[in-house]
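Okay, here's what each chain looks like letter by letter:
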Amino acid sequence: MTRRLILFAILCLALLASALYAAFNAYSFYSDDEDRPSASGHVGPTHK
Amino acid sequence: MSGGKAITCPACGGKIEVRAAGFTVNLACQNCGSLLDVSLPEVVLIRRYKNAKDRFALEIGKRGTVFGQEWEVVGALRRKDQITIWQEFLLFNPYLGYRWLLVADGEWQFGTPLADRPQGDRNRVFWRGENFSRLGRDQPTSTTAVAGEFYWRVKAGDTANATLFQSGETILSREVSDGEENWTQLVPVDETEIENAFGLNRRSLPRRKAAQGLMQFKAAPGMEQDDLGRMFLLAMAISLFAAIAMALLAGPSTKTSSMIQVPVGGQIAPVKIGTITVRRPWQFVTIDADANRFENRWVDLEYNLVDRSSEQSIDAFGLVEHYAGTSSDGAWTEGSHHGDTMFGHVPRGTYDVYVSGSAHGWPVDPAVTDAWGSTETINLTIEASTGAMSWGMWWTLVFALFAWPVSILWWRFRDK
Amino acid sequence: MPVRGPSLPYGTCPYCQTLILREGLRVEDVGKVAVLPFDVSPIQLGTTLVADGRGMQVVGRVRWAWAGGSWNEWLAIAETGAQFWLAEAAGMFMLTAEWPQLLEDPKVRSFAQGEAITRGDVIEVEGRQLFASDIKKVECLGSEGDLPISTLVGTRMTSVDFRSASGEVLSLQRDKTSTTAWFGDSWDLTSLKPGNLRQLEGWTIPGEPR
């Protein structure tokens, strides 16, 4: 086991712990609450 | 001028000094880089090159004293394995034979070829009364550039399998190529001693590889175990485990759905879709809106989750839009007839799901067209459910897990 | 023409590159040998060496070439008249003495009869295992001094080197007429306590052997 592999394992576990904590609390970076897409006036397609 | 001999390069016609005449087999012309065979009285061109473009940290022909003995730099190699790139210099003194200088990541080592082979097995060898234990795994190494002269047939692209054994500061290196086994004893030597002896071309030192942040914990050059495979395995295992754990933490699931009609150019008051129950302390609530086919319309939806016990409402918004048209580039479409909305961090409770919204035409709302004065409507199936997991969060985790091993991989294959 | 090893049949005239065969009082012109290419060997005719307490002097040299390069074999004669070959390779030296009893070894005998030896074959000499490591067809590039063998241009032989883990060497040499076996050890130059080394321009001969 190299030192950086151990460090990587620690990093992985920290990431996993944060992900599970977020999942338990139903937190997501991608939830849509308070995010009103049309709040500022919807204007149709962005196609030019 | 040393006691060498001069030859003429058959490729470029330049004069080349052979420093270890009688020992040197292959020589790369200092002027044009062409590889020559000088083992026989007639110089033979092995491979023609246009210019000697590779620069090394030490200049061929420099003389200096290392560990009390005088040496001349006669050859230089650039080599690499899966982890490191380094330079090797062949030192020559006609009375003492050959030695090596290796440099990688700012560390220098002085190498002495061994006539007496260490004895032992894969993991441990015994040499001159000392035990050496294996350092890392066998590494396939290859030569990427050559300059100067060598006592064997050398060329860029040569490969060897290298294994290192260590005892204290001394390293024994075993290189096997074409069934031939060569052992070299390596001891550390200060860069200042090398600089004083030969002068140093600092700009041509092997690049230090991103020794910043977490990378600075990487082991000394040529001594790492190849841990990359294990990193990928670990990242993969954790990704898989996280997917299962996140799905379990997301459940259980309840669902309700209903169809609504939204008039284009108008709006509807809140309609109750149904009731869902959050059975865990916190859950995600997802609401999917699925519309019939329409073109150049958008539907703004507002969702309210009203807690039956507290009458508190949690709000979120959804959007379904689809456009089509033709421009100078041809036909185009944009948007989707489908819109997902996710509520995060919804506390335990029973919720009535209400939806209200408005629909519009683009670029303008359509006029009422038929004689009956009936209005165009958009039909939407709204389905609310609990118990979904956030795949976005999972992909974020996967990205973070693989970022490190993928950067190492990239960094390894970036050079040549 | 100087004769350093009067017991040796062949001598090379340093002025006309003629190989001379001495038989009793008769001297025969055998042919020409090639001029040796320039090299930076620290050994020269007249260099003295001490190995395992035996003093010897270098009296001749043959330069051999093979597909992978070329090297010097120096002939050294001890005070007793015993012959040694000092092979020079990549700055290391192998000093071997003739080992005729090995010709009785079945493997050596079959080699003498023209059989091949493959890399990794084992021979036991003096209780040590030696492994065939170098098998090459060699051709004479030239010679100087007094020698036991003819070194006319184009002289060819098969040379097989066996090595032990601790550095012992066995060299089998087979030419058209005979096979000889030579056994010895690896040395670096300083441990051979050399005297009268060749002065190479631009280099200082390292001090007294340590």
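Residues numbered from 1 in each chain as written. Chains lettered and ligands numbered in written order. Predicted model: local features only at pLDDT ≥ 70, side-chain atom pairs only at ≥ 80, totals over all residues. Heavy atoms only, no water.

Overview of the interface of chain B and chain A
Here is step 1 of the chain: Contact with chain B, which involves 52 residues of that partner, is made by 38 residues of chain A.
Here is step 2 of the chain: Buried surface at the junction of chain B and chain A, both sides included, amounts to about 4,100 Å², of which 69% is carbon and sulfur.
Here is step 3 of the chain: In this assembly, chain B and chain A are joined by zero salt bridges.
Here is step 4 of the chain: Counting residues per element, the ones that place at least two in the side of chain B that touches chain A are helix 2 (228-250), strand 18 (267-291), strand 19 (297-307), strand 20 (313-327), strand 21 (330-336), strand 22 (338-361) and helix 3 (391-414) of chain B.
Here is step 5 of the chain: Among the elements that line the side of chain B that touches chain A, the one with the most residues is helix 3 of chain B, at eleven residues.
Here is step 6 of the chain: Looking at the side of chain B that touches chain A residue by residue, the class counts come to 31 nonpolar, ten polar and eleven charged. (Contact = heavy atoms within 4.5 Å. Buried area = accessible area lost by both parts, 1.4 Å probe. Salt bridge = Lys/Arg side-chain N within 4 Å of Asp/Glu carboxyl O. Helix = DSSP H or I, 4+ residues; strand = E, 2+ residues; numbered from the N terminus. Nonpolar A, V, L, I, M, F, W, Y, C, P; charged D, E, K, R; others polar.)

A short note on the nonpolar core
Within soluble globular proteins, side chains that are nonpolar tend to cluster in buried spots.
Here is step 1 of the chain: In this structure, Ile43, Met56, Leu86, Leu95 and Leu192 of chain C are the most contacted members of the largest nonpolar core, which totals 42 residues.
Here is step 2 of the chain: With four residues, strand 9 (residues 97-104) of chain B is the largest single contributor of residues to this core.
Here is step 3 of the chain: Counting 28 residues, the second largest nonpolar core, distinct from the first, contains Leu305, Phe343, Val346 and Ile382 of chain B. (Core = buried A, V, L, I, M, F, W, Y, C linked by side-chain atoms within 4.5 Å. Buried < 20%, exposed > 50% of the residue type's maximum accessible area, 1.4 Å probe, protein only.)

Re helix 2 of chain B
Here is step 1 of the chain: Compared with the 33 Å implied by 1.5 Å per residue over 23 residues, the 33 Å span of helix 2 of chain B between its first and last C-alpha is a close match.
Here is step 2 of the chain: Within helix 2 of chain B, the full set of buried residues consists of Leu228, Met231, Phe232, Ala235, Ile238, Ser239, Ala242, Ala243, Ala245, Met246, Leu249 and Ala250 of chain B. (Expected span 1.5 Å × (residues − 1).)

Some thoughts on the interface of chain C and chain B
Here is step 1 of the chain: Listed per partner, the contact involves 35 residues of chain C and 37 residues of chain B.
Here is step 2 of the chain: Both sides of the chain C and chain B interface together cover about 2,700 Å² of buried area, and 60% of this is carbon and sulfur.
Here is step 3 of the chain: Where chain C touches chain B, the interface holds zero salt bridges.
Here is step 4 of the chain: In this structure, the connection of chain C to chain B is made through eight residue pairs in polar contact (both at pLDDT 80 or more).
Here is step 5 of the chain: Counting only elements with at least two residues in the side of chain C that touches chain B, the list comes to strand 5 (54-66) and strand 6 (69-78) of chain C. (Polar contact = N/O pair within 3.5 Å; in protein donor to acceptor, adjacent residues only side chain to side chain.)

As for unusual backbone geometry
Among all residues save glycine, negative phi is the norm, and among peptide bonds the norm is trans.
Here is step 1 of the chain: Cis geometry marks the peptide bond from Gly251 of chain B to Pro252 of chain B, where omega comes out at -5 degrees.
Here is step 2 of the chain: Within the fold, Pro252 of chain B resides in the loop between helix 2 and strand 17 (255-263).
Here is step 3 of the chain: A positive phi angle, near 55 degrees, is found at Ala26 of chain A, a position not held by glycine.
Here is step 4 of the chain: As for its position among the elements, Ala26 of chain A is in the segment after helix 1 (3-24).
Here is step 5 of the chain: For Asp105 of chain B, which is not glycine, the phi torsion reads 50 degrees and is therefore positive.
Here is step 6 of the chain: Turning to its location among the elements, Asp105 of chain B is positioned in the loop between strand 9 and strand 10 (107-113).
Here is step 7 of the chain: Residue class for Asp105 of chain B comes out buried when judged on its relative accessible area of 13%.

Brief notes about the UniProt feature "transmembrane region" (unreviewed entry) in chain B
Residue and element names in this part refer to chain B.
Here is step 1 of the chain: According to UniProt, the "transmembrane region" (unreviewed entry) feature falls on residues 231-250 and 393-413.
Here is step 2 of the chain: Its end C-alpha atoms 28 Å apart, residues 231-250 is made of 100% helix and 0% strand.
Here is step 3 of the chain: The annotated region residues 393-413 carries 100% helix and 0% strand content, and the separation between its end C-alpha atoms amounts to 30 Å. (UniProt positions renumbered as here; feature names shortened; annotations may be inferred.)

Thoughts on the packing of aromatic side chains
Here is step 1 of the chain: All told, the structure shown has 22 aromatic pairs over all chains when counted by the stated rule.
Here is step 2 of the chain: Each ring, one from Phe29 of chain A and one from Tyr30 of chain A, has its centre 6.0 Å from the other, and the planes form 70 degrees; the classification is edge-to-face.
Here is step 3 of the chain: A relative accessible area of 63% means that Phe29 of chain A is categorised as exposed.
Here is step 4 of the chain: Centre to centre, the rings of Trp391 of chain B and Trp394 of chain B are 5.6 Å apart; their planes meet at 80 degrees, and the pair counts as edge-to-face. Note that Trp391 of chain B and Trp394 of chain B are positioned in helix 3 at a spacing of three residues, about one turn of the helix.
Here is step 5 of the chain: Its relative accessible area of 48% is what places Trp391 of chain B among the partly exposed residues.
Here is step 6 of the chain: Judged by relative accessible area, which is 13%, Trp394 of chain B ranks as buried.
Here is step 7 of the chain: Put simply, the rings of Phe23, Phe92, Tyr98, Trp100, Phe150, Tyr151 and Trp152 of chain B pair up and form one aromatic cluster.
Here is step 8 of the chain: Above the plane of the ring of Phe56 of chain B lies Arg78 of chain B, whose end atom (NZ or CZ) is 4.7 Å from the centre.
Here is step 9 of the chain: Against the face of Trp66 of chain C rests Lys136 of chain C, its NZ or CZ located 4.7 Å from the ring centre. (Phe/Tyr/Trp six-rings, centres within 6.5 Å; stacked < 30°, edge-to-face > 60°. Lys NZ or Arg CZ within 6 Å of the ring centre and 35° of its normal.)

Topic: the environment of Cys12 of chain B
Residue and element names in this part refer to chain B.
Here is step 1 of the chain: Take Cys12: it is sitting in the loop between strand 1 (5-8) and strand 2 (15-18).
Here is step 2 of the chain: Judged by relative accessible area, Cys12 falls into the partly exposed class, the value being 37%.
Here is step 3 of the chain: The sequence separation of Cys12 and Arg174 amounts to 162 residues, and the corresponding C-alpha distance is 37 Å.
Here is step 4 of the chain: Once residues within four sequence positions are removed from consideration, Cys12 is found in contact with Cys29, Asn31 and Cys32.

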